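Examining the three-dimensional arrangement
Below are the chains, spelled out letter by letter.
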Amino acid sequence: MCGIIGYAGHRPAVPVVMEGLRRLEYRGYDSAGAAFARQGALRIVRAKGKLAALEEKLAQEPVATATCAMGHTRWATHGIPAERNAHPHCSNDAAIALVHNGIIENYQEIKKELAEKGHVFHSETDTEALVNLIAERRKSEKDLLRAFAVALREVRGAYAVCLMHCEEPETIYAARLSCPLIFGVGAGEHFVASDIPAFLPYTRQVIFLEDGEIVRATATSYEILRLEDLRPIIHEPQTILWDMQAAQKGGYRHFMLKEIFEQPRVLADGLAGRLTAENALLPELDALPVPGKLHIVACGTSWHSGLWGRHLLEHWARIPAQVEIASEFRYRESLLLNRDDMVLVISQSGETADTLAALRRARKQGAMVLGLCNVVGSSIAREASAALYTQAGPEISVASTKAMCSQMLMLALMALYWSERKPADNIDQTSAAFAPEQRRLLIALLESLPALLDAHLPEMHENARGLSRKYADANNFFYLGRGHCFPLALEGALKLKELSYIHAEGYAAGEMKHGPIALIDTLFPTFALALDDALFPKVKSNIVEVQARQGKVIALTNEGLDLTVDDRWVIPSLPAPLSAFMALPALQLFSYEMADYLGKDVDQPRNLAKSVTVE
Ligand code: F6R
């Protein structure tokens, strides 16, 4: 997730901006840059890598007199990490510099229009299209504010932007739509930033800018206007009482909780520009053949995503898929016999040693390998035949949460995408899932996910907190599920054991009677996934079997289902398998609350590393 800071004030601006960028480092980045005005021109300095590289370059610059500047840390989502893709980007006439967080969905159309008018592009970014669009509109608009607004009205997607113009060297302009941007009100100085820590040492007075708002600020004045018609808006600044650490966590107690609550945004970002009325757009896959068979390989939570994705790839796209743990796959005599076999490796970090080794082995065998990663430019993304990115933003808490949500979303989009590319006779005619009206329904449901989850997360959190108090003395837990809920049961158990150190086992509910049920007694509770799907009656029978052995049961379920259990936790209904997007955060929140209540180190559980780069 990129970080933005803009400053207009009375201090030397570049050090303020650099310090702000350092306070945004926790968001993750792979390049950085800054802009300031000097002698009627804009100076832009950018560097790949850490802030030290940028600082080294800035040390050669006469920055001392600038009292207005802006900076950016870039976490690559599209173009590779490189200096030419780093921000700020500059318009062709060198008059405007822009830093940007987000995705401009229609940037290709904008680029085409501008190229016809003679604009030249030096990067692969959407930001360069936007800065040139503003410059183009400046030619016909009365002033920069209007040009900025007109250009932004033409843009589809999500953005937080900050802009400087060489003719107004003491002014910053900024705007937001679906990306965070906060305005800081100091004494004789103003700030905009992606997050409060960037300017917290200077002011605690903040305004949380809303979607569709523009701000223009100098050291001594500011105005906030509606993008739509440039009418002024009055916002009273709020006083922030958080300390620096709390501010980095966005006011949440832990990064894990923050990341769980980021999932609606992760879903919205993942869907942005990826859907038409009836299909998924995955241009990254256009050049690849439709796989005849998929071998999904991953570790831990990413493996659980793969297990869940298999249901969709087989059911929607009719592609046979097997899912394997990378540390097993790499040493097994795996048979990649056919030319159209494809290996799909899933890894948040893109650096997991076993997954990387599995990828290398598959490539050595001549297989086509597709990497599904979160970290752009990671080893797996680079070494795979092709890469798809989950765009979840950096995940800081060791336990993976939002990354799994983003992986599941991409797997759903892949299944949808390939479903249309399979020859008609390969599609199971008994399944009505892919009649045009069904596709439209499915897409409407996918589009509804971010808002639905956003609306229910606070209530889920409350329920999780209540249940954790009741079950915190358990030493063991079963997690049961069937069908697409079985991988969720595995994930629920993994989250509980890694965070709270309570022994937990995820099982396919139908397997219980083949042995594990012997463990059930009054002290061994079960967390059952009993959602409204075709397998509900079967799960219900398994729950009754547990209850017959005096086992206590929490059921994650939907409204209207006939179920008698100790604790019934109702989550919003969605048709399977999309209901997983509601169940996953509930499982995460339960484990989070258990661990926090038990006083465990939630963000850094013992014995664990975020990225397992050794075998
Ligand atoms: C669990 C967790 C791990 C990772 C696993 C794979 O919360 O985070 O199980 O999922 O180490 O990591 P990546 O996805 O980076 O390959």
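Residues numbered from 1 in each chain as written. Predicted model: local features only at pLDDT ≥ 70, side-chain atom pairs only at ≥ 80, totals over all residues. Heavy atoms only, no water.

**Digging into the environment of His100**
As for its placement among the helices and strands, His100 is situated in strand 6 (residues 96–104). Along the backbone, His100 and Glu128 are 28 residues apart, and their C-alpha atoms lie at a distance of 9.6 Å. Residue contacts for His100: discarding those within four places in its chain leaves Cys2, Ile4, His72, His87, Asp126, Thr127, Ala158, Tyr159, Ala160 and Val161. Only 2.8 Å separates the side chain of His100 from the side chain of Thr127, close enough to count as a polar contact. (Helix = DSSP H or I, 4+ residues; strand = E, 2+ residues; numbered from the N terminus. Contact = heavy atoms within 4.5 Å. Polar contact = N/O pair within 3.5 Å; in protein donor to acceptor, adjacent residues only side chain to side chain.)

**Some details on the domain arrangement of the protein**
Looking at the protein, the domain boundaries give domain 1 (3–245) and domain 2 (255–597). Here domain 1 and domain 2 have C-alpha centroids that lie 37 Å from each other. With 12 residues of domain 1 at the contact, the number on the domain 2 side is 13 residues. Both faces combined, the contact of domain 1 with domain 2 buries some 1,100 Å², and carbon together with sulfur accounts for 65% of it. For the pair domain 1 and domain 2, the number of links is one residue pair in polar contact (both at pLDDT 80 or more). Residue composition of the side of domain 1 that touches domain 2, grouped by class: five nonpolar, five polar and two charged. (Domains from an automatic or database assignment. Buried area = accessible area lost by both parts, 1.4 Å probe. Nonpolar A, V, L, I, M, F, W, Y, C, P; charged D, E, K, R; others polar.)

**What about helix 11 (residues 353–364)?**
Taking 1.5 Å per residue, 12 residues should reach 16 Å; helix 11 reaches 16 Å between its end C-alpha atoms and fits that length. For helix 11, every residue scored as buried is listed here: Ala353, Asp354, Thr355, Leu356, Ala357, Ala358, Leu359 and Ala362. Turning to helix 11, the residues buried within the fold contact strand 15 (293–298), helix 10 (326–329), strand 17 (341–347), strand 18 (368–373) and helix 12 (379–383). (Expected span 1.5 Å × (residues − 1). Buried < 20%, exposed > 50% of the residue type's maximum accessible area, 1.4 Å probe, protein only.)

**Quick word on the site of the ligand**
Near the ligand lie 14 residues; those nearest to it are Ser302, Ser347, Ser349, Thr352 and Glu498. Interatomic distance of 2.7 Å between a side-chain N/O atom of Ser349 and an oxygen atom of the ligand. Here an oxygen atom of the ligand and a side-chain polar atom of Glu498 are 2.5 Å apart. Its free accessible area being 400 Å², the ligand has 90% of it covered by the protein chains. Listed by contribution, the elements that provide at least two residues to the shell around the ligand are helix 9 (300–315) and helix 15 (485–500). Looking at the shell around the ligand residue by residue, the classes come out as four nonpolar, eight polar and two charged. (Near = heavy atom within 4 Å. Areas by Shrake-Rupley, 256 points an atom, 1.4 Å probe, with all protein chains shown as cover.)

**Quick notes on the packing of aromatic side chains**
According to the stated counting rule, one finds 15 aromatic pairs in the structure shown. With 4.9 Å between their ring centres and 55° between their planes, Phe183 and Tyr222 make a pair best called tilted. Pair noted here: Phe183 is in strand 9 (residues 182–185) and Tyr222 is in strand 13 (residues 222–226), with a separation of 39 residues, a long-range link. The exposure class of Phe183 is buried, given its relative accessible area of 0%. The exposure class assigned to Tyr222 is partly exposed, which follows from its relative accessible area of 31%. (Phe/Tyr/Trp six-rings, centres within 6.5 Å; stacked < 30°, edge-to-face > 60°.)

**Notes on the pairing of strand 7 (residues 157–165)**
Across the nine residues that make up strand 7, a large majority, eight, are buried. Judged from the nine bridges that link them, strand 6 and strand 7 form a sheet pairing that is antiparallel. The residue bridging Ala97 from the neighbouring strand is Met164, located in strand 7. Sheet topology note: the strand 7/strand 8 (residues 168–177) ladder contains five bridges and is antiparallel. From the neighbouring strand, Cys162 faces strand 8, where its bridge partner is Ala174. Remark: two residues form the turn of the hairpin made by strand 7 and strand 8, two consecutive strands paired antiparallel. (Pairing = 2+ DSSP bridges.)

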